[in-house]
Amino acid sequence: MKFVMRPYHIVSLAGYIVEWDFPYRNLIIVNKTSEPIKIEIPVFHEEWIEEHRQLGLDVIPVSKDDNFLSMWKRAHAELDKVRPKNE
């Protein structure tokens, strides 16, 4: 299945990680480009991260001990720096 990341948007993929042995509990995906980018969901393997970084997305893995909310806020602040004012 594919999901379209709109330009200058951020999304959490926790509900789309389907492997029990996946090393991260969540992935924060940020599209800082002006183009929509299709991503493959669900996430089955770690190689997914590098494959989608090559598409131009910021992929931020969230491990069990990380603070998701602070990571989300940091990623959102970085996105706001590059987002055009009319978006």
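That block above? That's the structure.
Residues numbered from 1 in each chain as written. Predicted model: local features only at pLDDT ≥ 70, side-chain atom pairs only at ≥ 80, totals over all residues. Heavy atoms only, no water.

Novice: Tell me about the sheet that holds strand 5 (residues 58-62), and name the residues and values.
Specialist: Strand order in the open sheet formed by 3 strands is 2-3-5, and the pairing between neighbours is antiparallel. The two strands at the open ends of the sheet, each matched to only one other strand, are strand 2 (9-12) and strand 5. Across the sheet, the mean angle from the axis of one strand to that of its neighbour is 15°, orientation sign disregarded. (Pairing = 2+ DSSP bridges. Helix = DSSP H or I, 4+ residues; strand = E, 2+ residues; numbered from the N terminus. Axes fitted to C-alpha atoms, helices over the stretch in contact; angles between N-to-C directions.)

Novice: Go over the environment of Asp 66 with me, naming the residues and quoting the values.
Specialist: Within the secondary structure layout, Asp 66 lies in the loop between strand 5 and helix 2 (68-82). You can call Asp 66 partly exposed: its relative accessible area is 30%. Between the C-alpha atom of Asp 66 and that of Glu 78, which follows or precedes it by 12 residues, the distance is 18 Å. With residues up to four places along the chain from it excluded, the contact list for Asp 66 reads Arg 25, Pro 61 and Met 71. (Buried < 20%, exposed > 50% of the residue type's maximum accessible area, 1.4 Å probe, protein only. Contact = heavy atoms within 4.5 Å.)

Novice: Describe the pattern of salt bridges, naming the residues involved and giving the relevant values.
Specialist: Think of it this way: side chains of opposite charge can pair up when their charged atoms draw near. Scanning the entire structure with this criterion turns up 4 salt bridges. With a shortest N-O distance of 2.8 Å, Glu 40 and Lys 2 are connected by a salt bridge. Highlighted residues: Glu 40 in strand 4 (residues 37-40) and Lys 2 in strand 1 (residues 2-5), separated in sequence by 38 residues. Among the salt bridges present, the one from Asp 80 reaches Arg 83, with a minimum N-O distance of 3.6 Å. Relative accessible area serves as the criterion here: at 40%, Asp 80 is assigned to the partly exposed category. Given the relative accessible area of 25%, Arg 83 is considered partly exposed. (Salt bridge = Lys/Arg side-chain N within 4 Å of Asp/Glu carboxyl O.)

Novice: Pulling in residues and values, what's your account of the packing of aromatic side chains?
Specialist: Scanning the model with the defined rule gives 2 aromatic pairs in all. Ring centres of Phe 22 and Tyr 24 lie 5.9 Å apart, and the angle between their planes is 70°; on these two criteria the pair is classed as edge-to-face. Relative to Trp 72, the ring of Phe 68 lies with its centre 5.9 Å away and its plane at 40°, an arrangement referred to as tilted. Here Phe 68 pairs with Trp 72, and both are found in helix 2, just 4 residues apart, close to one helical turn. Judged by relative accessible area, Phe 68 falls into the partly exposed class, the value being 24%. The exposure class of Trp 72 is partly exposed, given its relative accessible area of 22%. (Phe/Tyr/Trp six-rings, centres within 6.5 Å; stacked < 30°, edge-to-face > 60°.)

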